[in-house]
Amino acid sequence: MKKILFSALFGVEGRRERIAFLEKIQPHLADDYTLVAFNTSAEIEADIAVINTSTHLKPGLGDIEEAFAQLVNETCPDQRDTLMAHTWGEAASAPAKYISNLTRHIRLTRSFLAALDEHTPGYVFLWNQFNALHRHFAHILDARGIDYGFFHDGLLPGSVALDFDGEMGESWISKDPGKFQDIPVSPEDHARAATFLETLRARNIERHVQVDEICVEDALEAIKKHDRPIVFYAGQVDWHAGISPDGPARLCHSPHYTSTIDALAHLDEVAGQLGVFVIFKPHPISREKYTFLQADDYPNTLILGSATLDSCIDAADIVATIASQTSYVALMAGKPVMMLGRNQLTGKDLTYDLTHKDALADLILRALDDPLAQTRTTALADHVARLEQAYLFDFDTLDIPFYRCDAASAAKAIAATLENGVTPTK
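In this report, the structure presented in the accompanying data block is examined. Note that the structure is a prediction, hence the values are computed from the model and not measured.

## Brief notes about the pairing of strand β5 (residues 147–153)
A regular strand places its side chains so that they alternate between the two faces of the sheet.
No. 1: Across the 7 residues that make up β5, a large majority, 5, are buried.
No. 2: As a crossover connection, the stretch from strand β4 (residues 123–126) through helix α5 (residues 132–144) into β5 is right-handed.
No. 3: Relative to strand β6 (residues 159–163), β5 runs antiparallel, the two sharing 4 bridges. From the neighbouring strand, Asp153 faces β6, where its bridge partner is Val160.

This is the structure in structure tokens:
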């Protein structure tokens, strides 16, 4: 029996679609393939095998930091410094939960080791690549010689992605944009994608719904910056976006900047030179991290942790990010996008991509001039049509029929990887 293990927060409230996706895949696999859900959250029941880790392994651990360091030394000593830096860096966004998060990490890792021993999976999928726990799991899988990939929310509402090589800047779409751009788009494909995008816009459907807490236009007018060109800079959680820890892997996602704050400092400096102004919205998970910043630290920037994404995009002339999927939301809103790092949009003739750090001022001016404006709508529909053909699967969370790659297609892609050891493009 060939087992495929999926590790995720399956029991999170409102996230039933994750386990439902696996339940739909199982019937389309050969009889000798079995899916196993390694559930890292509240206990659930499903039509496939489930390991509910909330009921496992809760012994006393003594000194938590010492127990964590010992576990890392036992499982991946060659990655000790990087993994511990990632874990502690991630915990900085919620310092009050530091010890409880370390305790959870230890418990789940022990349970994961037991699951590998019991089920001996032929392949493992992790949701997602960049949290510290799954970084640890990936190192364990490397040490055991078990192949693995990643699954996560897709780039568009209602979709899910299976990455067999890596996410975002490490995905084949990012590393080989020419291969992606060579996927043919028929007039029918284009029309379907254009209609889907228009429906999303008309119904204001996004991946994550937010509630407005502040009026961006009023804030700009209050500080008398409303008459300047506006660059909206969308931050991300560095530890969850491949930007931290610093090292060779970071270059896949952010070749020019070592952190969100590093890019903010450079944007603020160049904005002062050009007479433009920056709105910075930290990622909701890490917005408290930036409360220490003072207005005079970044005189050409307004930091709005409580504003919604839509209101910031609406107020902007340009949207900038290192790697955030905000880039897709901005393109759908018709805004020019500057990519300061790399994600699946890099090299797709849709964004203004930073090629070297010294080119930032010229890139801002080019984005303000916006030569891509005339082709953006058509190019975005073609891009979405290619995503639908070669990358995204139906998550069955929308009542809008679009994604033709269903659970049967996902089963086929998974089986091809296990049987042939290749990275499929559906």
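So, next bit.
## Here's the deal with the pattern of salt bridges
No. 1: Scanning the entire structure with this criterion turns up 12 salt bridges.
No. 2: For Asp189, the salt bridge identified is with Arg404, shortest N-O distance 3.1 Å. Note that Asp189 is positioned in helix α8 (residues 187–202) and Arg404 in the loop between β13 (392–394) and α16 (407–420), a separation of 215 residues in sequence.
No. 3: By relative accessible area, which is 11% here, Asp189 ends up buried.
No. 4: Taking the relative accessible area as the measure of exposure, Arg404 reaches 41% and is therefore partly exposed.
No. 5: Lys357 is paired through a salt bridge with Asp262; the nearest N and O atoms lie 3.9 Å apart. Residue Lys357 is found in the loop between β12 (352–353) and α14 (360–369), and its partner Asp262 is found in helix α11 (residues 260–274); the two are separated by 95 residues along the sequence.
No. 6: By sharing partners, the salt bridges in this structure join Asp189, Arg192, Glu388 and Arg404 into a single network.

## Some details on the nonpolar core
No. 1: Residues Leu156, Phe196, Phe232, Ile279, Val384, Leu387 and Tyr391 are the most contacted members of the largest nonpolar core, which totals 47 residues.
No. 2: Taken together, the elements giving at least two residues each to this core come down to α6 (172–175), α8, β7 (230–234), β8 (277–281), α12 (309–315), α13 (326–332), β11 (337–339) and α15 (373–390).
No. 3: Among the elements that line this core, the one with the most residues is α15, at 7 residues.
No. 4: If you look at the next biggest cluster of nonpolar residues, it comprises 31 residues, including Leu267, Ala320, Ala361 and Ala367.

## Some details on the sheet that holds strand β3 (residues 49–52)
No. 1: Taken in spatial order, the 7 strands line up as β3-β2-β1-β4-β5-β6-β13 in an open sheet, and their pairing is mixed. Of all the strands in the sheet, the pair left with one neighbour each is β3 and β13. The mean inter-strand angle of the sheet, taken between neighbouring strand axes irrespective of direction, is 25°.
No. 2: Both β6 and β13 contribute to a ladder of 3 bridges, which runs antiparallel. When the sheet's bridge partners are listed, Val160 is paired in β13 with Phe393.

## Focus: the packing of helix α2 (residues 64–75) against α5
No. 1: The geometry of α2 relative to α5 is characterised by a closest axis approach of 10 Å and an angle of 30° between their N-to-C directions. In terms of axis orientation, α2 runs roughly parallel to α5. Within the contact between the two elements, α2 uses Leu71, Val72 and Thr75 and α5 uses His136, Ile140 and Ala143.
No. 2: Residue composition of the contact of α2 with α5, by class: 4 nonpolar, 2 polar and no charged.

Definitions and cut-offs
- Residues numbered from 1 in each chain as written.
- Predicted model: local features only at pLDDT ≥ 70, side-chain atom pairs only at ≥ 80, totals over all residues.
- Heavy atoms only, no water.
- Buried < 20%, exposed > 50% of the residue type's maximum accessible area, 1.4 Å probe, protein only.
- Helix = DSSP H or I, 4+ residues; strand = E, 2+ residues; numbered from the N terminus.
- Right-handed = clockwise from strand over helix to strand, strands pointing away.
- Pairing = 2+ DSSP bridges.
- Salt bridge = Lys/Arg side-chain N within 4 Å of Asp/Glu carboxyl O.
- Core = buried A, V, L, I, M, F, W, Y, C linked by side-chain atoms within 4.5 Å.
- Axes fitted to C-alpha atoms, helices over the stretch in contact; angles between N-to-C directions.
- Parallel < 35°, antiparallel > 145°, perpendicular 65-115°, else oblique.
- Contact = heavy atoms within 4.5 Å.
- Nonpolar A, V, L, I, M, F, W, Y, C, P; charged D, E, K, R; others polar.

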